[in-house]
Structure formats: C-alpha cells, structure tokens
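# An overview of the molecular structure
The lines below spell out each chain.
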Amino acid sequence: MRTRPLDLVAPALVTALLIGCGGSTPAPTAATASAAPTEAPAGRATQPEFDAAQDEGSASDAKREEAAASDPGAAPAAEAAPPPAPPVAAAPVAPSPASPGPAQSRATKAGAAPGADARVRVTAGGAPAPKKAPAPAATAVARPAAPPPAVAVTAPEPQGSETYRDYGVNPVEDPAKDRLSTFAIDVDTASYAIARRKIMDGALPPYQAVRAEEFLNYFDYGYASPATGPFAVHLAAAPSPFTSGHHLVRVAVQGKRVPVKERTPVHLVYLVDTSGSMQSPDKIELAKKSLKMLTDTLKPGDTVALCTYAGSVREVLAPTGIESKGKILAALADLTAGGSTAMSSGIDLAYSLAERTLVKGHVNRVIVLSDGDANVGPTSHDEILKTIKRARDKGITLSTVGFGQGNYKDLMMEQLANQGDGNYAYIDSEAQARRVFSEQVGGMLQVIARDVKIQVEFDPSFVKSYRLIGYENRDVADRDFRNDKVDAGEIGAGHSVTAIYDVELKATAPKGEGAAPVVVRLRHKAPLGSNTAEETLVKMAPGAIAPTFDAAPADFRFASAVAGFAEVLRHSPHARSWRLADIEKIARAAASSKGDQQEFIGVIRRAGALANGKTDAVAVNAD
C-alpha cells in the first residue's frame, strides 16, 4: 500500500462489484450511454467546462487532516452547481454511479475557497473555452454563450464505460505557513500509457485519467546510479519556461540497478482475467504475449503458477520451476476468454498458490492481468481488502497490469496495486509489453527499498511559494514522515522517481555556508529485515540552480515538458496559458535519441492538432 486509506479505496471497489452483482444503477440515457464515468471531489463538477471560480485545487487528505486538527470549526466544501450541457461536438463525461466517497467530499486546503477548484477545458492556445449555457434541467442561471472554438472531444467509449478518479490539483503553498511537502514514492506508469493510446486513437483522454506523476515516471531520464546505498538523489532547478518569475525544481531518486545474476529468486503467480470482456486481441492475446515475455526473463530458482478467473476460478498450473519453462508457456498458450468476472475469488486462489512457494527473503508476488471490469463477485469490498492486507503482511505483494479500452476500470486497477504494495502498468501494444516485462522488468522483480517517503523542505527566507505537480493521491501527513508504522511506497531495482515543483523565489539563491533553498529528506526501510527506517538528507547546492532554462540539463528540460503536458491535459488551473506548441518545442530541444522520448514529441503534436479540432490529425515523426 502506498498511502491511500481504506476509506478512499472502498467506495470504488464496492461500486464495481455491486454493479456486477446486480446493484441498481441509473439507466443510461442517450447523452450518457457512451460516456466515461469518473469520480470527482465535492466542489468540482464532473464536466471539464462550467461556470465557476478557479483556485489552486483541493487539498490532499493528509494535509486536510492536519488543517482540521488546528481548525475544527472549518466549514465543509460547498457543493458544485450542476454543470452546463456540453457542446454538441464533445462527448460528455458522465458522473460516476458510485456512492460518494471521502475523495468526493474533501475540504479545500487552508486559505483556498471551498468548492472553488473548478476544471476548465483548455485549448492548444492555453485559453479556457467560453462558458456554455446550462442545460434546461440545471438550476444555475444561464449566461450568454459565445461561439465555442474548436476543442478536442473527450475520448468516446462506445463499448461501455470507463472509470477514473479525479484526485484534484495540489494547491500553492506558502512556506512561511507550511514549509514541508511530504509524499510517498510512486512508480506507476499506467496513466501515460492510457493517455498516449487515446491520443493516438484520435481523442484527448478524460482529464481525470491524467496523473502527472505517472507521466513523469514513465520515462528514463538517465540519472546516475548511486555509488553506495539503494538510491541516489539528484536535485536541479531553473527558471520556469511556463510562468514568468517562477522556477521549476526537480527532485529525482534513482534506484540502484541489480544484475540479473544477483537478483533475488522470485515466485510469481499469474492471475489472468479470462472473462468475456477480455476476448478482444488487445486484451487476452496481448496478456498472453506479455506473460511469455516475462517468463522468458526468469532464471533458475524462480517459480511460476497460473490461475484464471471468469464465472468461476481455475488453477491452470501449480507452482512450477522455470526449469520447466515449456510447461509454463504451454499453459499460457491455452488460455481463452469467456464468461463473467469473479475477481475476489480469483485473488483468493492466487494468494493460496503464492503461499505454497512463500520463502522469506525471496520476492513473492501476484500479478493481476485484467481490464478491471469485475461484474460478478461478493457484494462487499471488505473481503478483497482484507485478503490483500493479510497477504501483504505475510510478504506477498500484488501488481496490476491493465489491458483494453471502452470498459476499462482504471480506478480499480490502480487502487488494487496501491493496496497490494505493487506497481500498476498498462499495456496497449507488444512494444509496451516488451518495455514493461522485458526491458524494465527488474523493477517489478527486485525490491531495493520499502516504505519510501520523501519530505521536501522549502526555506521561507528564499522561497515565496511552492506547488507540487502531481502526487495528489500519494500525500503523507508531515507528522507521519518519521512514523515508521505508516505504509508508503516501494522502489524496485533500476526504478527512478521524478517530482517537479513550481516555485516562486524571493532571491535567486541563498548565500552563506550551509544555506539551501531546498532540503530533501528520504526515509526508507531495507527490503528485508528490520522495520526501522533509515533517513538520508540532501541539500540543494546554489550551483544546482541554472541561470536560464536553456542552461539546465537536458533531462531536466525534458521532464519539464512532460510535467507541462500533463498539466494541460488534466486542465490544471495553473496551466491555462500554457501552449502545447511551446511544450513540444521544449521536448524537441531536450529529447534524447531514446524511442519513447522521440515518440513523446509526436504525441504532443497530435494532442495539439486534436485540441484545435483536427480529429483526423496524424502524428508525424519528429524530425
């Protein structure tokens, strides 16, 4: 588990399971039949465009708890007015049928107006779209609507519905009032892969599907490996290319790389969704190819078990040593899809198989491959969560790998991995499967540090304000940084983690021995053994602040482009004036020759074309 409390995960899981078990839901209308369900905090409409004031964003749960402790009389966040009807050219984002959860009623951070964090649709030129007149059923007073410019439509989902959660946007902080920013490590990458697929298929992703940290952590920036210890911290800063007078500060963590011959033995259980919703080639067949790639990377001493879940669960292959790889591959080749989905009982079976090969000191992991569409199972989420927690406490982790679109349940797949102390990836092609299960598989198979937390301290003598871009659902209360009972995230071999802050400085650089505008503390536990954490402190040297953005290292500039792209796609109120054309130029100038970085340039270009209404736009290779 990263840091998400059970009460945030619960509503999403129980909703998916209740729907599948016959729980009543509103009948779809013509306007919502093809829409993508989402979850949004209270005070924020589920449409990207409506008439409401803007502020820095809703607070994270941990910070909210601290604020509530000091201000018990604070008023709850106001409910948002009903959103206006979308323009004819845009597919609406339908409200989620889920019961409201804690994430839907979060109070705003101290100093922010309750309910004011409204989303706006942003065009390629960075300006919000004109306000629209409300639908006849809405209670809001209609306002005159100017002719709307061409904007990208929300990705249509004709095959069913998709579920995402809007975690909001971190607020701007005054270090004189709160100088600490604390969050847990996250190395998920699914959000970028999902957004890339939708863009290349001809539509911008729903803004709720965009998690900035997963965009940032998708790419390998070539950070130097640690000389000693499990990881190295790399700090850098430069004037922001997006906001005049601001700086961007990058905090990067690079995990040590472990050669295959030195890797700890692994015992894997493949849990494959073989329900009817997995029948398409980009689901079950791609899942089988992915697992073949993973199996080919294993070495003597590793074991694999295989089970499936559909209308019923089935043990396909008992734990088998990699020495019998032919038997494992044959079992994978025989998998077919059909029937309904009983995810909970499938997880039970997977954990029972994992316990047969549970060895202290080895990696014991269940890998779930699914589109997340659980439509048959228990009527309560409690048993799933209890099962995951019990297994996690025994040393069995859980990772999720998503496939397909149309009925994809991103929310469920993300939260299952969070609760299982694993990683979450999304596969949309053989190339992406190769990346996850072959080229970067070491991060999945070898944990080098547990419960990793980062605390960044901003000196109010030099820093006027700061804002963390992303990691909204990884927030940790500042007081819990040294509470080693609070679960956080894990770093796998070779994993890198990147965080970007938007900072306004009072001075260009601190002066005097030992002075630093930014101090980073990293706290972690060893992968095995003691539950007492170690702490590392790193200060930003004045020389780490580049005089101009162009003078900053290329990896810093490329990461800035990635963060900027995510901010625009998720309709951050801070990115209203940011232009995709400018972001593309930054990426083009900073990208290395790596395929994923070159591909990123084309993705931005295609997104810009779509945002200008060119739905038939074709991405062009960067030249």
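Residues numbered from 1 in each chain as written. Predicted model: local features only at pLDDT ≥ 70, side-chain atom pairs only at ≥ 80, totals over all residues. Heavy atoms only, no water.

Pairing is mixed in the open sheet, where six strands are placed in the order β8-β7-β6-β9-β10-β11. Each of the sheet's edge strands pairs with one partner strand only, and the pair in question is β8 (313–321) and β11 (424–427). Across the sheet, the mean angle separating the axes of adjacent strands is 20° when strand polarity is ignored. In this fold helix α10 (residues 430–439) packs onto β10 (396–403) and β11, with an angle of close to 150° to the strand it touches most, β11. (Pairing = 2+ DSSP bridges. Helix = DSSP H or I, 4+ residues; strand = E, 2+ residues; numbered from the N terminus. Axes fitted to C-alpha atoms, helices over the stretch in contact; angles between N-to-C directions. Contact = heavy atoms within 4.5 Å.)

Scanning all chains against the criterion turns up 37 salt bridges. Asp596 serves as the salt-bridge partner of Arg435, at 3.0 Å between the closest nitrogen and oxygen. Highlighted residues: Arg435 in helix α10 and Asp596 in helix α14 (residues 595–611), separated in sequence by 161 residues. Note on accessibility: Arg435 and Asp596 belong to one class, buried. (Salt bridge = Lys/Arg side-chain N within 4 Å of Asp/Glu carboxyl O. Buried < 20%, exposed > 50% of the residue type's maximum accessible area, 1.4 Å probe, protein only.)

Along the polypeptide, Glu355 turns up in helix α7 (residues 343–356). A sequence separation of 36 residues divides Glu355 from Pro319, and the C-alpha atoms of the two residues are 10.0 Å apart.

Moving on, we come to helix α13 (residues 580–590). Every buried residue belonging to α13 is among Leu580, Ile583, Glu584, Ile586, Ala587 and Ala590, and all of these are buried. Projection of α13 onto a plane perpendicular to its axis shows the buried side chains occupying an angular sector of 160°, all on one side. More than 90 degrees from the buried face of α13, the exposed residues found are Lys585 and Ala589. As for α13, its buried residues are in contact with α12 (554–569) and α14. (Arc of directions from axis to C-beta.)

With that out of the way, let us pick up the environment of Val463. Mapping Val463 onto the fold places it in strand β13 (residues 463–469). A relative accessible area of 2% places Val463 in the buried class. Considering only alpha carbons, one finds Val463 and Pro517, 54 residues apart in sequence, at a separation of 6.7 Å. Apart from the residues lying within four places of it in its own chain, the contact partners of Val463 are Pro175, Phe458, Val503, Glu504, Leu505, Lys506 and Pro517.

Another aspect to go through is the pairing of strand β3 (residues 180–184). For β3, a buried count of four out of five residues is recorded, marking the element as mostly surrounded by other parts of the structure. In the sheet, β3 pairs with strand β12 (residues 447–458) via five bridges, with the strands oriented antiparallel. Looking at the pairing, Leu180 lines up with Glu457 of β12.

Across the eight residues of β10, eight count as buried, placing the element largely inside the fold. Taking every second residue as pointing to the same face, both faces of β10 are buried, with Ile396, Leu398, Thr400 and Gly402 on one and Thr397, Ser399, Val401 and Phe403 on the other. Here strand β9 (residues 363–370) runs beside β10; their pairing, made up of seven bridges, is parallel. In the sheet register, Ile367 faces β10, and the bridge partner there is Ser399. Here β10 pairs with β11 via four bridges, running parallel. Among the inter-strand pairings, Thr400 is bridged to a residue of β11, identified as Tyr424. Where the polypeptide runs from β10 across helix α9 (residues 410–419) and back to β11, its parallel neighbour, the crossover connection is right-handed. (Right-handed = clockwise from strand over helix to strand, strands pointing away.)

Along the chain, Thr182 falls in strand β3. Of note is the side chain of Thr182, whose polar atom sits 2.8 Å from the side chain of Asp478. Excluding residues that lie within four positions of it along the chain, Thr182 makes contacts with Ile454, Gln455, Asp475, Val476, Ala477, Asp478 and Phe481. (Polar contact = N/O pair within 3.5 Å; in protein donor to acceptor, adjacent residues only side chain to side chain.)

Taken N-terminus to C-terminus, the directions of α13 and α14 make an angle of 170°; their axes are 9 Å apart at the nearest point. The angle between α13 and α14 places the two elements in the roughly antiparallel class. Residue-level contacts link Leu580, Ile583, Glu584, Ala587, Arg588 and Ala590 of α13 to Gln597, Phe600, Ile601, Ile604, Arg605, Ala607, Gly608 and Ala611 of α14. Grouping the constituent residues of the contact of α13 with α14 by class yields nine nonpolar, two polar and three charged. (Parallel < 35°, antiparallel > 145°, perpendicular 65-115°, else oblique. Nonpolar A, V, L, I, M, F, W, Y, C, P; charged D, E, K, R; others polar.)

Turning to α14, a few remarks are in order. Its 17 residues give α14 an end-to-end C-alpha distance of 24 Å, which sits within 8% of 24 Å, the value for a rise of 1.5 Å per residue. Buried residues dominate α14, accounting for 13 of its 17 residues. (Expected span 1.5 Å × (residues − 1).)

A separate point is the packing of aromatic side chains. This structure, assessed with the given rule, holds 19 aromatic pairs. On the numbers, 6.2 Å between centres and 50° between planes, the contact of Tyr192 with Phe600 is tilted. Taken together, the residues Tyr192 in helix α3 (residues 190–200) and Phe600 in helix α14 connect sequence positions 408 residues apart. By the burial criterion, Tyr192 is buried, and Phe600 matches it. A centroid spacing of 5.0 Å and a plane angle of 65° characterise the contact between Phe458 and Tyr501, whose relative ring orientation is edge-to-face. With Phe458 in strand β12 and Tyr501 in strand β15 (residues 496–505), this pair connects stretches of sequence that are 43 residues apart. Every member of this aromatic cluster is reached through a ring pair, and the members are Tyr192, Phe215, Tyr218, Phe219, Tyr221, Tyr223, Phe558, Phe565 and Phe600. The ring of Tyr218 has Arg435 lying over it, and the distance from NZ or CZ to the ring centre is 3.8 Å. (Phe/Tyr/Trp six-rings, centres within 6.5 Å; stacked < 30°, edge-to-face > 60°. Lys NZ or Arg CZ within 6 Å of the ring centre and 35° of its normal.)

Across a sheet, paired strands are connected by hydrogen bonds in the backbone, their directions being either parallel or antiparallel. Taken in spatial order, the four strands line up as β4-β5-β15-β13 in an open sheet, and their pairing is antiparallel. Only two strands of the sheet have a single partner each, and these edge strands are β4 (231–239) and β13. Looking at each pair of strands side by side, their axes are set apart by 20° on average, direction ignored. Here six bridges tie β13 to β15, and the two strands are oriented antiparallel to one another. Considered in β15, the bridge of Ser465 is made with Glu504. In the packing of α12 onto the sheet, the strands contacted are β4, β5 (247–255), β13 and β15, and the crossing angle to β5 comes to about 110°.

Nothing here speaks to function; it is all geometry.
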